[in-house]
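Chain by chain, the residues run as shown.
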Amino acid sequence: MQKIVLFASGNGTNVENIITHFKNSSLGTVVAVFVNNPRAKVLERAKNQNVKSILFDKEQLNSGFVLDELNKIEPDLIVLAGFLWMFPVAIIKEYPNKVINIHPALLPKYGGKGMYGKFVHQAVLENKEKETGITIHFVNEYYDEGEFIFQQATNIENCKTADEIAEKVHELEQKYFPQVIEKLITNN
Ligand code: GAR
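No experiment lies behind these values; they were computed from the predicted model shown. (Residues numbered from 1 in each chain as written. Predicted model: local features only at pLDDT ≥ 70, side-chain atom pairs only at ≥ 80, totals over all residues. Heavy atoms only, no water.)

When you go through the protein chain residue by residue, the secondary structure sums to seven helices and seven strands. Tracing the protein chain from N to C terminus, the helices and strands come up as β-α-β-α-β-α-α-β-α-β-α-β-β-α. A globule of 188 residues ought to have a C-alpha radius of gyration of about 16 Å, and the protein chain, at 16 Å, matches this closely. Considering the protein chain as a whole, with its 188 residues, one finds that 48% of them fall into the buried category. Of the contacts made within the protein chain by residues no fewer than 6 positions apart, 66% connect residues no fewer than 24 positions apart. On the protein chain, roughly 9,800 Å² of surface is accessible, and the fraction owed to carbon and sulfur atoms is 47%. Here the protein chain carries 20 positive and 23 negative side-chain charges, and the mean point of each set is 3 Å from the other. (Helix = DSSP H or I, 4+ residues; strand = E, 2+ residues; numbered from the N terminus. Rg over C-alpha atoms; globule rule 2.2 N^0.38 Å. Buried < 20%, exposed > 50% of the residue type's maximum accessible area, 1.4 Å probe, protein only. Contact = heavy atoms within 4.5 Å. Areas by Shrake-Rupley, 256 points an atom, 1.4 Å probe, with all protein chains shown as cover. Lys, Arg positive; Asp, Glu negative; His and termini not counted. Charge placed at Lys NZ, Arg CZ, Asp CG, Glu CD.)

Glancing now at the pairing of strand 2 (residues 28-35). Extensive coverage of strand 2 is indicated by the burial of six of its eight residues. By the bridge criterion, seven bridges tie strand 1 (residues 2-8) to strand 2 in an arrangement that is parallel. Looking across to strand 2, one finds that K3 is bridged to T29. Each parallel crossover has a hand, and for strand 1 linked through helix 1 (residues 13-23) to strand 2 it is right-handed. In terms of strand pairing, strand 2 meets strand 3 (residues 53-55) through three bridges, oriented parallel. Across the sheet, the residue bridging to F34 is I54, located in strand 3. One crossover worth recording links strand 2 to the parallel strand 3 by way of helix 2 (residues 41-48), and it is right-handed. (Pairing = 2+ DSSP bridges. Right-handed = clockwise from strand over helix to strand, strands pointing away.)

See below:
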């Protein structure tokens, strides 16, 4: 059984979906959710699913506390599922090819610092893009620049608001993210 840990900062719909997906799986299980925001809704979602959450601040992320907690768990895959802080190089080095992220756009477009959540969808709308999508990629020391694992596009010509675009991207995330994680842990 492969051990998956999740990192999240906010709402946590991806976290909930991934936990649910692996509840009845013999391949992997979500053992902990690492959260950087004490007011994040994801804390409640993890609790409702009986998954342990580990809360940390920026100092704890960068000083070794988070790495120590990870090392106690020895995860097979670390998944950034709506995690909005820069991920420390020290952790990436300790877990090579085991840290992945989901980005709500077709990278390399609409990536980089400050490009997250609704800001991405707003920019996509303003640029009158005909399509957007999701990118799942390995995490390296630069925002949104690690090697791609998976992309899926969706047509947004009928979308008139950033919220409508967000909804279409959300549907892709719900459908594909658990599948991609499952494939990765299967090949581990
Ligand atoms: C998701 O759309 C995810 O792709 C995005 O944040 C949202 C979190 O939603 N991540 C980024 O923008 C990372 N740069 P959730 O908390 O409901 O899963």
